[in-house]
Structure formats: structure tokens, C-alpha cells
Amino acid sequence: SEIHRHEFFVALIKIAIYKNITLKRKEISKLRKKGHQVTLSIAKLPSASKALEMIYHEFLSPVLENMPAGSKMRTAVGSDNVMILFYDNLTQLSAVFAQFPEESD
């Protein structure tokens, strides 16, 4: 069984939303049901794009840094060619994020 690139990105987005938005919303709900005050800083949830960025910085970046080819991967990901690839596919990438509306609760 093989995972395709777009399936990988969609999976990352879903994981990011679940970990940083859905679970946090459930946690806030539990606190409120128990009668606890939830401060605005705790109740503020990240957007889908920010949640994905958090997953990258918390999990993917450390893995890439510890890989033998980590420096090559960081250089490749930050290269002009990759940025051009992202820019060329901006419409499709935006469409993926549009599937997951911004969370503001």
C-alpha cells in the first residue's frame, strides 16, 4: 500500500487540526462543564494553517534535523525551486486549506 504525496499532505493537515484544534476544543469544553473559568488565551484556537505550522515545528522539523540527510532536506525545502513549486501550486494548496475552515472558537 502506497501513500501519494497529496494524501500525505491532507493527512498532515487532518492531524494538525485534530491535535491543535479539536482536542483543545474538547479540553476547553470539559473545563467549562466542570465550572472552571477558561481564559481568553486558553480558549483561543489556532487556524488550520497555524495548526499545520505548529505540527511542522513540533514534530517534522526535529525529525528532519536528526536525519543523516537533514541538512540537505532543509536546504532543499528552503530552496528557490521549492518555493516556485509552492507558488505554482498555490491554487491547489489553497483549495486543500479551504476544506478546513478557519477555527476561531
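Cut-off values and rules
- Residues numbered from 1 in each chain as written.
- Predicted model: local features only at pLDDT ≥ 70, side-chain atom pairs only at ≥ 80, totals over all residues.
- Heavy atoms only, no water.
- Helix = DSSP H or I, 4+ residues; strand = E, 2+ residues; numbered from the N terminus.
- Buried < 20%, exposed > 50% of the residue type's maximum accessible area, 1.4 Å probe, protein only.
- Areas by Shrake-Rupley, 256 points an atom, 1.4 Å probe, with all protein chains shown as cover.
- pLDDT = per-residue confidence, 0-100.
- Patch = residues over 30% accessible without salt bridge, like charges linked within 9 Å, V, L, I, M, F, W, Y side chains within 5 Å.
- Salt bridge = Lys/Arg side-chain N within 4 Å of Asp/Glu carboxyl O.
- Axes fitted to C-alpha atoms, helices over the stretch in contact; angles between N-to-C directions.
- Parallel < 35°, antiparallel > 145°, perpendicular 65-115°, else oblique.
- Contact = heavy atoms within 4.5 Å.
- Nonpolar A, V, L, I, M, F, W, Y, C, P; charged D, E, K, R; others polar.

**Some thoughts on the overall build of the protein chain**
Right, so step 1: Counting secondary structure elements, the protein chain contains six helices and zero strands.
Right, so step 2: Taken from the N to the C terminus, the helices and strands of the protein chain come in the order α-α-α-α-α-α.
Right, so step 3: A total of 105 residues make up the protein chain; the buried ones form 18% of that total.
Right, so step 4: Taken as a whole, the protein chain presents about 8300 Å² of accessible surface, with 61% of it coming from carbon and sulfur.

**Considerations on the confidence of the model for the protein chain**
Regions with low pLDDT carry predicted coordinates that are not meant to be interpreted in detail.
Right, so step 1: Here the protein chain averages 78 in pLDDT, and 85% of its residues register 70 or above.
Right, so step 2: Element-level pLDDT for the protein chain is lowest in helix H4 (residues 70-77), with a mean of 68, against a maximum mean of 86 in helix H1 (residues 5-33).

**Considerations on a nonpolar patch on the surface**
Right, so step 1: Together, Ile-3, Phe-8 and Phe-9 make up an exposed nonpolar region whose accessible area comes to about 290 Å².
Right, so step 2: Among the structural elements, Phe-8 can be located in helix H1.

**Some details on the packing of helix H5 (residues 80-88) against helix H6 (residues 90-98)**
Right, so step 1: Close contact between H5 and H6 brings their axes to 5 Å; oriented N to C, the two are set at 65°. Regarding the angle of H5 to H6, the classification is roughly perpendicular. Facing H5, whose interface residues are Phe-86, Tyr-87 and Asp-88, H6 presents Leu-90, Gln-92 and Leu-93.
Right, so step 2: Among the residues making up the contact of H5 with H6, the classes are represented as four nonpolar, one polar and one charged.

**Considerations on the pattern of salt bridges**
Right, so step 1: One pass over the full model with this rule turns up two salt bridges.
Right, so step 2: In this structure, Glu-58 and Lys-19 form a salt bridge, with 3.7 Å as the shortest nitrogen-oxygen distance. Highlighted residues: Glu-58 in helix H3 (residues 48-66) and Lys-19 in helix H1, separated in sequence by 39 residues.
Right, so step 3: A salt bridge links Glu-53 to Lys-50; the nearest nitrogen and oxygen atoms lie 3.7 Å apart. With a gap of three residues between them, Glu-53 and Lys-50 both fall in helix H3, about one helical turn apart.

**A few points about the environment of Ala-48**
Right, so step 1: Within the secondary structure layout, Ala-48 lies in helix H3.
Right, so step 2: In sequence terms Ala-48 and Gln-99 are 51 residues apart; their C-alpha atoms lie 9.8 Å from each other.

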